[in-house]
Amino acid sequence: MTGTRPRLGHISFLNSYPLLWSLRRTGLLPTVSLHIDTPDKLSEDLVEGRLDAGPITVAEYLRHSGSLLLLPGLAIGCDGPVHSCNIVSKVPLRDLHDRPVGLGTTSRTTVLLAQMLLEERIGVRPRYTPCVPTLSAMLHHADAGVLIGDVALRAYLEDGPRLGVEVHDTGGLWKEWTGLPMVFAVWAVRREFAERHPAEVDELARGLRLARAHSEAHLDTVARDVTMLGTTVTPHQAADYFRRLSFDLTARHLVGMQAFARLAAERGAVPEHQRFSFLGAGRPVGSDA
Ligand SMILES: C=C(O[C@@H]1C=C(C(=O)O)C=C[C@H]1O)C(=O)O
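Residues numbered from 1 in each chain as written. Predicted model: local features only at pLDDT ≥ 70, side-chain atom pairs only at ≥ 80, totals over all residues. Heavy atoms only, no water.

## Concerning the overall build of the protein
1) Next: A count of helical and extended segments in the protein gives 12 helices and 11 strands.
2) Next: For a compact globule of 289 residues, the expected C-alpha radius of gyration is about 19 Å, and the protein comes in at 19 Å, within 12% of that figure.
3) Next: Seen along its three principal axes, the alpha-carbon backbone of the protein occupies a region of about 55 × 45 × 30 Å.
4) Next: Here the protein, with 289 residues, has 56% of them falling under the buried criterion.
5) Next: Summarising the internal contacts of the protein: among those between residues at least 6 apart in sequence, 84% fall at separations of at least 24.
6) Next: With an accessible surface of roughly 12,200 Å², the protein has 51% of that area assigned to carbon and sulfur atoms.
7) Next: Averaged over its 31 positive side-chain charges, the protein has a centre that lies 1 Å from the centre of its 32 negative ones. (Helix = DSSP H or I, 4+ residues; strand = E, 2+ residues; numbered from the N terminus. Rg over C-alpha atoms; globule rule 2.2 N^0.38 Å. Buried < 20%, exposed > 50% of the residue type's maximum accessible area, 1.4 Å probe, protein only. Contact = heavy atoms within 4.5 Å. Areas by Shrake-Rupley, 256 points an atom, 1.4 Å probe, with all protein chains shown as cover. Lys, Arg positive; Asp, Glu negative; His and termini not counted. Charge placed at Lys NZ, Arg CZ, Asp CG, Glu CD.)

## Looking at the sheet that holds strand β8 (residues 144-148)
Whenever strands of a sheet pair, they do so through backbone hydrogen bonds, lying parallel or antiparallel.
1) Next: Reading across the sheet, the five strands line up as β7-β6-β8-β5-β9 and stay open at both edges, with mixed pairing between neighbours. Pairing within the sheet leaves two strands with one partner each, and these edge strands are β7 (127-131) and β9 (166-169). Adjacent strand axes in the sheet meet at a mean angle of 25°, parallel and antiparallel pairs treated alike.
2) Next: Examined bridge by bridge, strand β6 (residues 100-104) and β7 share five bridges and lie parallel to one another. (Pairing = 2+ DSSP bridges. Axes fitted to C-alpha atoms, helices over the stretch in contact; angles between N-to-C directions.)

## Topic: the domain arrangement of the protein
1) Next: As assigned here, the protein comprises domain 1 (7-77 + 182-266) and domain 2 (85-178).
2) Next: The C-alpha centroid of domain 2 is placed 24 Å from the C-alpha centroid of domain 1.
3) Next: Taken over both partners, the interface formed by domain 1 and domain 2 buries close to 1,800 Å², and the fraction arising from carbon and sulfur atoms is 70%.
4) Next: Our enumeration of links across domain 1 and domain 2 arrives at zero salt bridges.
5) Next: Among the secondary structure elements, those contributing two or more residues to the side of domain 1 that touches domain 2 are α2 (39-47), α3 (58-63), β10 (182-190), α11 (235-244) and α12 (251-266).
6) Next: With six residues, the top contributor of residues to the side of domain 1 that touches domain 2 is α12.
7) Next: Residues of the side of domain 1 that touches domain 2, tallied by class, amount to 14 nonpolar, five polar and four charged. (Domains from an automatic or database assignment. Buried area = accessible area lost by both parts, 1.4 Å probe. Salt bridge = Lys/Arg side-chain N within 4 Å of Asp/Glu carboxyl O. Nonpolar A, V, L, I, M, F, W, Y, C, P; charged D, E, K, R; others polar.)

## Considering the site of the ligand
1) Next: By nearness alone, 18 residues border the ligand, and Thr57, Ser84, Ser107, Arg108 and Thr110 come closest of all.
2) Next: Within the side chain of Ser84, an N or O atom sits 2.6 Å from an oxygen atom of the ligand.
3) Next: For the ligand, an oxygen atom lies 2.7 Å from a polar atom in the side chain of Ser107.
4) Next: Here the ligand loses 100% of its free accessible area of 380 Å² to cover by the protein chains.
5) Next: Elements represented by at least two residues in the shell around the ligand include exactly α4 (109-122) and β10. (Near = heavy atom within 4 Å. Polar contact = N/O pair within 3.5 Å; in protein donor to acceptor, adjacent residues only side chain to side chain.)

## Thoughts on the pattern of salt bridges
1) Next: Under the defined criterion, the tally for this structure stands at 20 salt bridges.
2) Next: A salt bridge links Asp79 to Arg252; the shortest N-O distance between them is 2.8 Å. Residue Asp79 is located in the loop between β4 (68-78) and β5 (85-89), and its partner Arg252 is located in helix α12; the two are separated by 173 residues in the primary sequence.
3) Next: Using a relative accessible area of 35% as the deciding quantity, one classes Asp79 as partly exposed.
4) Next: In this structure, the salt-bridge partner of Glu192 is Arg190, at a minimum N-O distance of 2.8 Å.
5) Next: Residue Arg190 is classed as buried on the basis of its relative accessible area of 13%.
6) Next: One salt-bridge network, in which partners are shared between bridges, spans Glu44, Asp45, Glu48 and Arg50.

## Section: the pairing of β6
1) Next: With respect to burial, β6 is a largely interior element, five of its five residues being buried.
2) Next: Regarding the hand of the β-α-β motif, the stretch spanning β6, α4 and β7 is right-handed.
3) Next: Of the pairings in the sheet, the one linking β6 to β8 comprises three bridges and is parallel in character. Directly across from Val101, in β8, lies its bridge partner Ala144. (Right-handed = clockwise from strand over helix to strand, strands pointing away.)

Written as structure tokens, this is what we have:
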């Protein structure tokens, strides 16, 4: 890559380990400046211009879509239960009316989805409160909580059953409700950065898609390597988890994202009439990965 090294975000959760595993092997890593953080921070950094490109939680993308271009073929989503975007609860969800529910501060999309599910699907109106994203904090301060990432996965695999709390999978609940895939995060580049550095950004987008495809072709090997992260997740659990996640942004995922955008707009949580603008739309892009 010539001159500019794009400042690229990377999510510090297990869900993004396959991409990092591949970035190390497919040659893109030395051409970028990688910033690893939680999705809330990365989204804010991208919107405020401290990053040039990277993953952004869908709720924040919908709030700032005018200044961003989506990178095709990249997402963190699911088509059914995902195991790491959960409502954990001491009581059945239908008993949460007027009860405190903690919203984990690392999430912007799952916390919105959980509110839709609780209010529009289950029919309760809890009292929401922002909360440190750990299971113990949630259960200490509230009757239920919304958690994402590794702590949510651990709640599903170990802590929930051990502590006797219910773990409700928002990906699964969304699928039962709408029949659609759910997209939690997309990859985007700042529009003005893409206009100033078109060649670098095309190369970045192609390199990321190549890395995604490479990791998808080697998921069992990637899952075996998770033991090096010091996580309690076993390679078998990791392989199952990685296969639940959708890393591609397919036409069906976009339909799911549109449905989420509509419901979010009805609640006044994001602007109405979203148009998703992709990098390369309207002009020929070099060869595709
Ligand atoms: C599947 C996940 O997707 C995520 C959920 C996000 C959110 O709720 O805002 C943001 C980014 C992704 O990390 C997860 O975190 O486990």
